[in-house]
Amino acid sequence: GHGVSGAMLGMMAISFLEDLLKNDSLNPAELAKRLKEKVAHLFSQEQERVLSEGMDIAILKFSNSNTCLEYTGANIPLYFIRDNELNIVQPTKASISFSKEDTPFQLVAFQVNEKDKFFMMSDGIRDQFGGPKDKKLGSKRLKSILMDSSNQEIAVQKTIIIDQIESWKGANEQTDDICLVGIEI
């Protein structure tokens, strides 16, 4: 979300997540579902008012005991690089919002390998204007940046990605929020 209402929704979601995370048995899809229920309940008193704010989120849960990773995304895909190949796990096309739609959040679980890299990011990166023709960075360029730097350790890759985005942006204002989380196993 944007503005004051988006910020308030984000703060409430953090509080709700802290409460929900006390139950360690919840998988990411259950977390997303319960978070959406709490947000819907929060706004249920204002049913007459149309509330269009929503929140996109990606949730990962990693188990050291069996090297299993679980992922759920609400409009935020999971990019992962394994053996020099970029893979994308598509998210559920729903946001955390006050919505009467009850779209179930998809849970994806898989074994992780040493040197696997995982990336989650806000759409602000893809939507950043720049380059010689003042166009959006876009998914194709983003994938290229991830792959071109994938042979580097994650800390070095972080610097490369930031430099590439800043170079693309040039003198343009930042279009939207930019958040990128990268994890290397």
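Read on for an overview of the structure. These numbers were taken from a predicted model, which means no experiment stands behind them.

Details of the pattern of salt bridges
So, point 1. Following the criterion strictly, the structure yields seven salt bridges and no others.
So, point 2. The partner of Lys136 in a salt bridge is Asp127, with the nearest N and O atoms 3.8 Å apart.
So, point 3. Given the relative accessible area of 42%, Lys136 is considered partly exposed.
So, point 4. A single network of salt bridges, built from pairs that share partners, joins Asp19, Lys22 and Lys38.

Remarks on the nonpolar core
So, point 1. Membership of the largest hydrophobic core comes to 21 residues, with the highest contact counts inside it found for Leu35, Val39, Met55, Ile57, Ile96 and Phe105.
So, point 2. Among the elements of the structure, helix 1 (3-20), helix 2 (28-42) and strand 2 (57-63) are those that each provide at least two residues to this core.
So, point 3. Tallying contributions element by element places helix 2 first for this core, with six residues.
So, point 4. Each residue touching Ile96, except ones within four places of it in the same chain, is listed here: Leu9, Ala32, Leu35, Lys36, Val39, Gly54, Met55, Ile57, Ala74 and Phe105.
So, point 5. Counting residues in hydrophobic clusters, the runner-up holds twelve residues, among them Leu142, Ile161, Ile165 and Trp168.

Here's the deal with the sheet that holds strand 2
So, point 1. Pairing within the open sheet is antiparallel, and its three strands lie in the order 2-3-7. Here the strands that pair on one side only, and so sit at the sheet edges, are strand 2 and strand 7 (108-111). With strand direction ignored, the average angle separating the axes of adjacent strands in the sheet is 20°.
So, point 2. Alignment of strand 3 (residues 68-74) against strand 7, held across four bridges, turns out to be antiparallel. Directly across from Tyr71, in strand 7, lies its bridge partner Val108.
So, point 3. Along the sheet, helix 2 contacts strand 2 and strand 3; its crossing angle with strand 2, the most-contacted strand, is approximately 145°.

A closer look at the packing of aromatic side chains
So, point 1. Overall, the coordinates contain three aromatic pairs when judged by the stated rule.
So, point 2. Taken together, a centroid distance of 5.7 Å and an interplanar angle of 25° make the contact between Phe80 and Phe118 stacked. Taken together, the residues span a long stretch of sequence, with Phe80 in strand 4 (residues 78-82) and Phe118 in strand 8 (residues 117-121) at a distance of 38 residues. The burial state of Phe80 is the same as that of Phe118; both residues are buried.
So, point 3. Each member of the aromatic cluster is reached from another via a ring pair, and the members are Phe80, Phe110 and Phe118.

Calculation criteria
- Residues numbered from 1 in each chain as written.
- Predicted model: local features only at pLDDT ≥ 70, side-chain atom pairs only at ≥ 80, totals over all residues.
- Heavy atoms only, no water.
- Salt bridge = Lys/Arg side-chain N within 4 Å of Asp/Glu carboxyl O.
- Buried < 20%, exposed > 50% of the residue type's maximum accessible area, 1.4 Å probe, protein only.
- Core = buried A, V, L, I, M, F, W, Y, C linked by side-chain atoms within 4.5 Å.
- Helix = DSSP H or I, 4+ residues; strand = E, 2+ residues; numbered from the N terminus.
- Contact = heavy atoms within 4.5 Å.
- Pairing = 2+ DSSP bridges.
- Axes fitted to C-alpha atoms, helices over the stretch in contact; angles between N-to-C directions.
- Phe/Tyr/Trp six-rings, centres within 6.5 Å; stacked < 30°, edge-to-face > 60°.

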